[in-house]
Every structure is written in structure tokens, then in C-alpha cells.
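Geometric and topological summary
Below are the chains, spelled out letter by letter.
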Amino acid sequence: MAEPKDNVVMEKIVSLCKRRGFVFQSSDIYGGINGFWDYGPLGAELKRHVKELWWRSMTRMRDDVVGLEATIIMHPRIWQASGHVDTFSDPMCDCLLTRKRFRADQVDPQSGLAYHYSGARATVAGRALQAPYSVLLPPGKPPESARKVALQFYQARGLQNVELQGERTEKVENSQRYNPENGSLLTPPRPFNLMFKTYVGPVADEDNVAYLRPETAQAIFAQFKNVLETSRQKPPFGIAQMGKAFRNEVTPRNFTFRSREFEQMELEFFIPPDEAVEALRGRVATPSGPGHPGEPQPDWGWQLWHQYWVEERLRFYEGIGLPRTSLEEYWQKPEELAHYARATVDLLFKFPFGTQELEGIAARSDFDLSQHQRCSGKSMTVFDEELKTAWTKLEPAHQTELADRYRAARSRYLQRAGEPVEAAEKQAAEDATQLARGYYIPHVIEPSAGVDRLILALLTHAFAEEETTDEKGKKETRTLMRFHPRVAPIKAGVFPLLKNKPELVRKAREVRELLRPHFNVFYDEAGSIGRRYARQDEAGTPFGVTIDFDTLGEKPEALDTVTVRHRDDGRQERVPIRDLVAWLTARTV
RNA sequence: GCGGGCGUAGCUUAGUGGUAAAGCUCCAGCCUUCCAAGCUGGCUAUGAGGGUUCGAUUCCCUUCGCCCGCUCCA
């Protein structure tokens, strides 16, 4: 995925973002804070439009998705069930010589003779360094190789012509304290918690630790039963949520791409397990080829649902101005998948700094709800009357086959989750019995997108520079943001051709008031008309509405019409004022 | 977290151990009949803290931030 990086373009974009008010550094006047960014007036509008379009396409335009708005701080056990407490806090240690980082529990245990040193002295300058250090010498290697590593260590700390001090040796068995590659001592294991920790209530002690959510998804799983029971939905259906999430990233980089506080748009789409679909419909439909599989069908299995959501999401991106040519689909290889995932597709965008993930669409099996069922003790099953009836009509052999498949899958999950084999088998058999009675834990397809990454993608995709030559032959660079009109922060600029003609100004203000209830419009009378167009080009405003003398009736046939000027090509057309709202609506909604 | 580079106005850059310069932007006024025109005037900066010095934007230290590489990325 390595690509040539274009820093110059990124720097121009960052500069424009600040200059025009798209993105500012958080806490700027105090020197900023690493990994946090604010949206200025134009950025806030852009982000709002993107979120509204997502919410609209995911919930309002569909019968089968409902919304949720959960808190950022939740019961800490949620993060134990999800696995975040464990996976976010692996102790890490670094090689003292090469700085290479290891997960403390994954270092290959080493045996041999450890050479300990209390410090070293520079023979020429006479400088001494009191810094304990050790090297592990594997069996059969000469002691000189251990000393050589130790010399490198002290030389790296600024000593010349090193003389080692306080050498002593010690037998070591199966130690994880040394780098298997060079024998160098590692730093002590240090916890690496990527979740932001806080305390609920005024007393900050370990009993009331809580975390800022590192993803919005878990709230959806935790509220699954409440939503199911109140929304009159049943699988296949989804719960959508937008909201802030927090990760204490090791290295925030690439402008807003990897921030510590960021916003997600996530859908958890719940489907019956394939065994239930087969019992109900007699078969499980699987993808017949690439592309959008069309309207959802009752016999779809997880693979078709997964493909469906990948294609739906691609359509969404196309609809807001990111063509397929700007995106890449990456199907994770089996060895890259999380253990609970059956398939994951990353939608990548070609950023100037490399091709990077915008959204992941994961088929997550029934892992998430199962985890919460186990950890909370509350049932996460769905009852399907139709399934219960259909099951009784199956051939006994078919019943056995489906129940076996379901039981095996449940057992695999339970064993991976750490249940002893015997208990897992027993529980899985019970789950299979429940399936026959119409109860199952839904499987999940999860399209999970980063809002701020998408905003950055839109910004970098929209950014354009054009060389223009004015009438004096002077070359100029015109900067413009070619946002899709649907996401553009300002939909139209409204300008009187001249500022010092009160009748033009009055009419222009009327037009502004006419448009204001429908669109974000910007009135500007300062400077030449060309300058005002150029200012709006940098803000990415797709249309300029200019009130001139024809509007006032200089040419009677043009009375009450305005010039509409197109951002991308400077084209102009004449539109009657009474048609303006409809004209703009057709192009910006 | 480690190593390297950088930090002067809103932006892009200049410069100096002794009054901080310019272009663009922005604001006000005049002018202007469709693409950054012109004239006049104006606002705004040495990232922060400490040290050396009579005096520091310049030298030193610390810190914060940005960029690059490494590392990490459930």
C-alpha cells in the first residue's frame, strides 16, 4: 500500500483549512494539543452535511434501520466484554539497543548466561556513565559477543573508547527480559492503555474507573434488546449511531486522519444465522457475482448481506462526490481477520499521504451479542415464531444437519471465548435446541466509518489549483474546492454586482432572505465581483448568484432574473428569481 | 515512545546579539456594469517558559506543536 507521498499538497490543504476556517488546531492559543482538531465555520457546515446525509440514507430512507444516541461513558464491563480492556492494555517493552518494541507476553523466552554491567567509562575523556545494562549470551557463544553488544549500548549513549565496568554473570532460564535477536536487555514491561480512563463520581479511586468509549459500536450491542423490544423491528434490521469516540493513539499523524478524539458513523445490521435462513427458506442464497446484489431478499445469507452493505456504502461515497476511482476495496486476507470476523472489506481512499482506510465493513458473526450475553448474563436471543414453525416442517435429517452446524459454530465461539471444552459443548448443544424452538443470537454486519477521515478525504479530493492568466498576461493560481454541491458548506454566494448602487444591494439582500430558509447562503458585497467569486471558490461554494442591472429591468425581458455562476467552469446562466429555490434544491439536495 | 528537521502577522516568506521587512489575505473608505483591477488608510507576528547578556527573535536549556523516518494501529 506504500505510495509516493505528496507533502506539498497536504501542506497546502492544511494551510487552506486554517486560512478559510475549515480546520483549526485544538487549543491553538495554548500551543495546540497533539491529536485533537477543531472544525471552523466552514468545516462545521461540511461535517454537518456529511453526517446528515449519512443519517438520512441509513435511517430515514430505509424501513429496516433505526437510530440510537448513547453515552460516551458506559459501564466499564462493556469494555471487558468487547475485549478492549485486554487488547488495549498490552504491556509493551522496548529493546534498549535498537528501540524495537515487543509485546511483553510475546517475547520468545531465552536461556543462557546473562552479563550484567553497572556502567561504563570513557577511557580518553574519563567520563563515566552509571547505567546498569545486561546482555544475554546464548549457550555456545563467546563472551566477547556479549561485551560487543554492551559496548554498542554505552557508545550509543555518547561514550567514546568505552571500558565496561562491574561485569558479573548469572545463569538465566526462559527469560522474556531479553531481545531474542541481539540479547540486549529490554525495558521493563510498561502498560499501554489506548483507552482514555476517567473516574465516575468525585472520588478518583480504582472502584469507579470508567473509560471514554473507543468505539460507538458497543453501545448498540448493549442496547440491542431495548431497541428490539421498542422499535417493532426484527432481523434483518439495523441500528445506526453517530458519535464521538476516543483512542489514546500512539502516534497521531497526517493532519486529522488519526486523531485521539474522533467521530464515527456506525451501523450494526443484525441478521439471522444462515442455519435459520435455511430452515425458513429452504436455502441460503449466496453471491452470484460482484456488484450490487439488488433489493434485500429473505433468503440472503451473511455473505450476500455483507456484499450488499459494501455496495451500499460505495454508492453513498459516490453520492457525495468520491467516485469509485478515488476509492479502493480491500478484502482482508483470512490471516488478517480478527478471530471473530468472517470477512472484512476496507474501503480505502487515495489520500496524498497514502491509500488509507475510510470505512470497514465487517461480517462479525454472532460474536458481539454472544460476548454481552455471556458477560452480562442477559439473553441476547431473538425469538422468531416463523422459524419455530418452519423447523417442525423440516425433514428430520435436515433438522439434524442444521442443528449440528449451529452447534459446531456455537461451540467454536464458546471455546475461543475461553470456556472449557465440556462446558462449551454442553452450552452449544443447548443453543442448538433453542434454535429449533425459534431462538437465535443474531449475526452482525458492521459498516463502520470515520467521519473525520471522510471529511479529510472530501477536502483532499476537492482541492484543486488552476493556472490562470489575466488580461495583463500575469499568471495566477486559482485555488478552488470542488465539493459535491450536496456537501458544500455554503450552497450559494449572493452578490450585488456593485456595492455603491443601493437598488442592487437592496435586491441582493432580498434574494438572500429568500434563499436563507432553504440553504446555507453567504451574502458578500465587498470588493470586485471577481474577487467575491474567487473567495467562494476557495470555500467550495458551487453557485454564485449575482444581482445586476438586468435584474432591475435594464433589459425588460430579464427583469427579476439573476446570473448564476458555476464554480467549476465559470459558466453563467440566467435564472428567474422565483425559480431559484427549486433550481438550487435540484442541485444541492 | 525513539531519532532527525522545523517553528517570525490569518497565509507564504525575509532578516538581525541593538527600532522586525515584504507580498497576499482581511477590515474601512473611494472607485468599479461579471471572474483575485486601482487608490487611500488600518489591524495583526518572533509557539511557551527559563537561562546567558547592558540588551535575545537570534546563543543555551526545557517544554509544546508541526513535518519526516521508526514503532504502534484491537
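Cut-offs and rules
Residues numbered from 1 in each chain as written. Chains lettered and ligands numbered in written order. Predicted model: local features only at pLDDT ≥ 70, side-chain atom pairs only at ≥ 80, totals over all residues. Heavy atoms only, no water. Helix = DSSP H or I, 4+ residues; strand = E, 2+ residues; numbered from the N terminus. Contact = heavy atoms within 4.5 Å. Pairing = 2+ DSSP bridges. Axes fitted to C-alpha atoms, helices over the stretch in contact; angles between N-to-C directions. 1 Å grid on protein atoms, 1.4 Å probe; cavity = no way out; pocket = protein on both sides within 12 Å on 5 of 7 lines; lining within 4 Å. Points joined across faces, edges and corners; volume = space filled by probe spheres on them. Nonpolar A, V, L, I, M, F, W, Y, C, P; charged D, E, K, R; others polar. Expected span 1.5 Å × (residues − 1). Buried < 20%, exposed > 50% of the residue type's maximum accessible area, 1.4 Å probe, protein only. Phe/Tyr/Trp six-rings, centres within 6.5 Å; stacked < 30°, edge-to-face > 60°. Lys NZ or Arg CZ within 6 Å of the ring centre and 35° of its normal. Salt bridge = Lys/Arg side-chain N within 4 Å of Asp/Glu carboxyl O.

Turning to the environment of D537, a few remarks are in order. Mapped onto the elements, D537 comes out in helix 16 (residues 529–539). In the structure, D537 is positioned 30 residues away from R567 in sequence and 6.2 Å away in space, judged by C-alpha atoms. Look past the residues within four positions of D537 in its chain and what remains in contact with it is R478, T479, L480, M481, R565 and R567.

Below, the discussion takes up unusual backbone geometry. Here P235 and P236 are connected by a cis peptide whose omega angle stands at 0 degrees. Its place among the elements puts P236 in the loop between helix 7 (224–230) and strand 14 (237–246). Positive phi outside glycine occurs at S27, with the angle close to 60 degrees. Inspection of the secondary structure assignment puts S27 in the loop between strand 1 (23–25) and strand 2 (37–39). One non-glycine residue, R232, lies in the positive phi region at around 55 degrees.

The subject of this paragraph is the sheet that holds strand 27 (residues 561–566). Taken in spatial order, the five strands line up as 25-24-26-27-28 in an open sheet, and their pairing is mixed. Only two strands of the sheet have a single partner each, and these edge strands are strand 25 (521–523) and strand 28 (572–576). Here the average twist between neighbouring strands, direction ignored, is 25 degrees. Alignment of strand 27 against strand 28, held across five bridges, turns out to be antiparallel. What sits directly across from T563, in strand 28, is R574. Docked against the sheet, helix 16 engages strand 24 (492–496), strand 25, strand 26 (543–547), strand 27 and strand 28, running at close to 170 degrees with respect to strand 24. Running over the sheet, helix 17 (residues 580–588) touches strand 24, strand 26, strand 27 and strand 28 and is turned about 165 degrees from strand 26.

It is worth spelling out the environment of L369 at this point. Examined against the element boundaries, L369 turns out to sit in helix 10 (residues 367–376). Each C-alpha atom, one on L369 and one on A222, is 8.0 Å from the other, the two residues being 147 residues apart in sequence. Those residues in contact with L369, other than ones at most four positions away along the chain, are F221, F224, F270, M380, I441 and P442.

Now for empty space enclosed by the protein. On inspection of all chains with the given rule, the structure shows one cavity of 30 Å³ or more. I271, W302, R342, A363, R364, S365, H443, V444 and I445 are the residues that line the largest cavity. At three residues, strand 21 (residues 443–450) tops the list of elements feeding residues into the lining of the largest cavity. Classifying every residue of the lining of the largest cavity gives five nonpolar, two polar and two charged.

Here we take up the layout of surface pockets. By volume, the second largest pocket amounts to about 710 Å³. For the second largest pocket, the lining is made up of 24 residues, of which E52, L53, R56, R486 and V589 are closest to its centre. Secondary-structure elements contributing two or more residues to the lining of the second largest pocket are helix 2 (41–60) and helix 9 (302–319). With eight residues, the top contributor of residues to the lining of the second largest pocket is helix 2. By residue class, the composition of the lining of the second largest pocket is eight nonpolar, six polar and ten charged.

Taking 1.5 Å of rise per residue, the 21 residues of helix 12 (residues 396–416) would be expected to cover 30 Å, and the 30 Å separating its terminal C-alpha atoms lies within 8% of that figure. Of the positions making up helix 12, those classed as buried are H398, L402, A403, Y406, R410, S411, Y413 and L414. Contact partners of the buried residues in helix 12: helix 8 (274–281), helix 10, helix 11 (385–392), helix 13 (421–436) and strand 20 (439–440). Where helix 12 terminates, the next one or two residues include G418, which has phi positive at roughly 105 degrees.

For the rest of this paragraph, the subject is the packing of aromatic side chains. Following the criterion strictly, the structure yields 24 aromatic pairs and no others. Measuring from centroid to centroid gives 6.5 Å for F196 and F246, while their planes differ by 85 degrees, and the two rings are edge-to-face. Taken as a pair, F196 in the loop between strand 11 (168–175) and strand 12 (197–199) and F246 in strand 14 lie far apart in primary sequence, 50 residues in all. For the pair formed by F196 and F246, the shared burial category is buried. Feature note: the residues F269, W300, W305, Y308 and W309 constitute an aromatic cluster, connected by ring pairs. The ring centre of Y523 lies 5.1 Å from the NZ or CZ of R512, which sits over that ring. Positioned above the aromatic ring of W583 is the side chain of R587, whose terminal nitrogen or guanidinium carbon lies 3.7 Å from the ring centre.

Charged atoms that come close allow side chains of opposite charge to pair. All chains considered together, the criterion is met by 45 salt bridges. Across the pair R410 and D431 runs a salt bridge whose closest N-O atoms are separated by 2.9 Å. Taken together, the residues R410 in helix 12 and D431 in helix 13 connect sequence positions 21 residues apart. Taking the shortest distance from any N to any O, the salt bridge between K507 and D560 comes out at 3.1 Å. Of this pair, K507 sits in helix 15 (residues 502–515) while D560 is found in the loop between strand 26 and strand 27, placing the two residues 53 residues apart along the sequence. Here K507 falls in the buried class, since its relative accessible area comes to 18%. By relative accessible area, D560 is classed as partly exposed at 32%. A cluster of three or more residues bridged by salt bridges with shared partners is formed by E466, R478, R482, D537, R565, R567 and D568.

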